[in-house]
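Examining the three-dimensional arrangement
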Amino acid sequence: MATRGSARPNGLAQTKICQFKLVLLGDMAVGKSSLVLRFVKGQFDEFQETTIGAAFLAQSVCLDDTTVKFEIWDTAGQERYHSLAPMYYRGAQAAIVVFDITKPETFERAKAWVKELQRQASPNIVIALAGNKSDLAEKRMVEYEEAQTYAEDTGLLFMETSAKTAMNVNELFLAIGKHSHERKLHLTQFKSASQTC
């Protein structure tokens, strides 16, 4: 995770650059790859191919005076790839755990991923819960309030998203970038304070 900032010759401060490793976790066919594709390329493919192992994409966003560079690892949802997940979330500053609002079993699986991250990932990781496929609200099986309450109780960011309509996709990644950046600044200040004590 690199942060750079220096004065330009004309005296203006240069934009700081922060790099964050972000991992997507969740059951297969919940729309992890579709969310990433929508965020990175602004595209949606109705027939997204199944991810094998993991896919890597990158995207930068501007937050005030900081450019946040996301290194995004989109992991496969099939059970046979579960054992590979720690390799991808190790060292990650942020994670998005995705479930399908029309399939309650994917919400239960998401809870298991959250527990695993809280137990094994970095203690400072920012975790977001995404209830995807909100465009299928008429088939909803997981109530918004239920997911919101769970997220609040476990300290997660929460948004319902739709990769198909692009609803809340950019907002989700921006919220993660903002929280990750704030957490990093807080940790840096805390380390500085503890060194002066």
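Just so it is clear, the model here is predicted, and its values are computed rather than measured. (Residues numbered from 1 in each chain as written. Predicted model: local features only at pLDDT ≥ 70, side-chain atom pairs only at ≥ 80, totals over all residues. Heavy atoms only, no water.)

1. Considering the packing of aromatic side chains
- Per the stated rule, a full pass over the model turns up eight aromatic pairs.
- Geometrically, the ring pair formed by Phe-70 and Phe-173 is edge-to-face, given 6.1 Å between the ring centres and 75° between the ring planes. One end of the pair, Phe-70, is in strand E4 (residues 66–75); the other, Phe-173, is in helix H5 (residues 169–196), with 103 residues separating them in the sequence. Neither Phe-70 nor Phe-173 differs from the other in exposure class; each is buried.
- Centre to centre, the rings of Trp-73 and Tyr-88 are 5.3 Å apart; their planes meet at 35°, and the pair counts as tilted. Here Tyr-88 lies in helix H2 (residues 85–89) and Trp-73 lies in strand E4, a separation of 15 residues in the sequence.
- Overall, the relative accessible area of 26% leaves Trp-73 in the partly exposed class.
- Classification of Tyr-88 as buried rests on a relative accessible area of 13%.
- Between Lys-111 and the ring centre of Tyr-150, over which it is positioned, the NZ or CZ distance is 5.4 Å. (Phe/Tyr/Trp six-rings, centres within 6.5 Å; stacked < 30°, edge-to-face > 60°. Helix = DSSP H or I, 4+ residues; strand = E, 2+ residues; numbered from the N terminus. Buried < 20%, exposed > 50% of the residue type's maximum accessible area, 1.4 Å probe, protein only. Lys NZ or Arg CZ within 6 Å of the ring centre and 35° of its normal.)

2. What to know about the pairing of strand E2 (residues 16–26)
- By the criterion of burial, E2 is predominantly enclosed, with nine of the eleven residues buried.
- By the bridge criterion, nine bridges tie E2 to E4 in an arrangement that is parallel. Across the sheet, Lys-21 pairs through a bridge with Glu-71, a residue of E4.
- Pairing between E2 and strand E5 (residues 94–100): five bridges, direction parallel. Within E5, the position partnered with Leu-24 by the bridge is Ile-96. (Pairing = 2+ DSSP bridges.)

3. Focus: unusual backbone geometry
- The backbone phi angle of Ala-166 is positive, close to 75°, even though this residue is not glycine.
- Along the chain, the position of Ala-166 falls in the loop between strand E7 (157–160) and H5.
- Residue class for Ala-166 comes out partly exposed when judged on its relative accessible area of 31%.
- The phi angle at Asn-168 is positive, at roughly 60°, despite the residue not being glycine.
- Within the secondary structure layout, Asn-168 lies in the loop between E7 and H5.
- Relative accessible area serves as the criterion here: at 25%, Asn-168 is assigned to the partly exposed category.

4. Let's talk about the nonpolar core
- Ranked by internal contacts, the top residues of the largest apolar core, which has 28 residues, are Leu-22, Phe-39, Phe-70, Ile-72, Ile-96, Phe-173 and Ile-176.
- Elements that contribute at least two residues to this core include exactly E2, helix H1 (32–41), strand E3 (54–63), E4, E5, strand E6 (126–132) and H5.
- By residue number, the principal contributor to this core is H5, which donates five residues.
- Once residues lying within four places of it in the same chain are set aside, the contact partners of Phe-173 are Leu-22, Leu-35, Phe-39, Phe-70, Ile-72 and Ile-96.
- Listed in part, the 25 residues of the second largest apolar core include Ala-85, Tyr-89, Ala-121 and Tyr-150. (Core = buried A, V, L, I, M, F, W, Y, C linked by side-chain atoms within 4.5 Å. Contact = heavy atoms within 4.5 Å.)

5. Describing the pairing of E6
- With seven of seven residues buried, E6 lies mostly within the body of the structure.
- Of the two faces of E6, the one lined by Val-126, Ala-128, Ala-130 and Asn-132 and the one lined by Ile-127, Leu-129 and Gly-131 are each fully buried.
- Direction of pairing for E5 relative to E6: parallel, over a ladder of seven bridges. Looking at E6, one finds that Ala-94 is bridged to Val-126.
- Handedness of the β-α-β unit built from E5, helix H3 (residues 104–120) and E6 comes out right-handed.
- Of the strand pairs in this sheet, E6 and E7 are connected by four bridges, and their pairing is parallel. Counted as the bridge partner of Ala-128 is Leu-157 from E7.
- Read as a crossover between parallel neighbours, the route from E6 over helix H4 (residues 144–154) to E7 is right-handed. (Right-handed = clockwise from strand over helix to strand, strands pointing away.)

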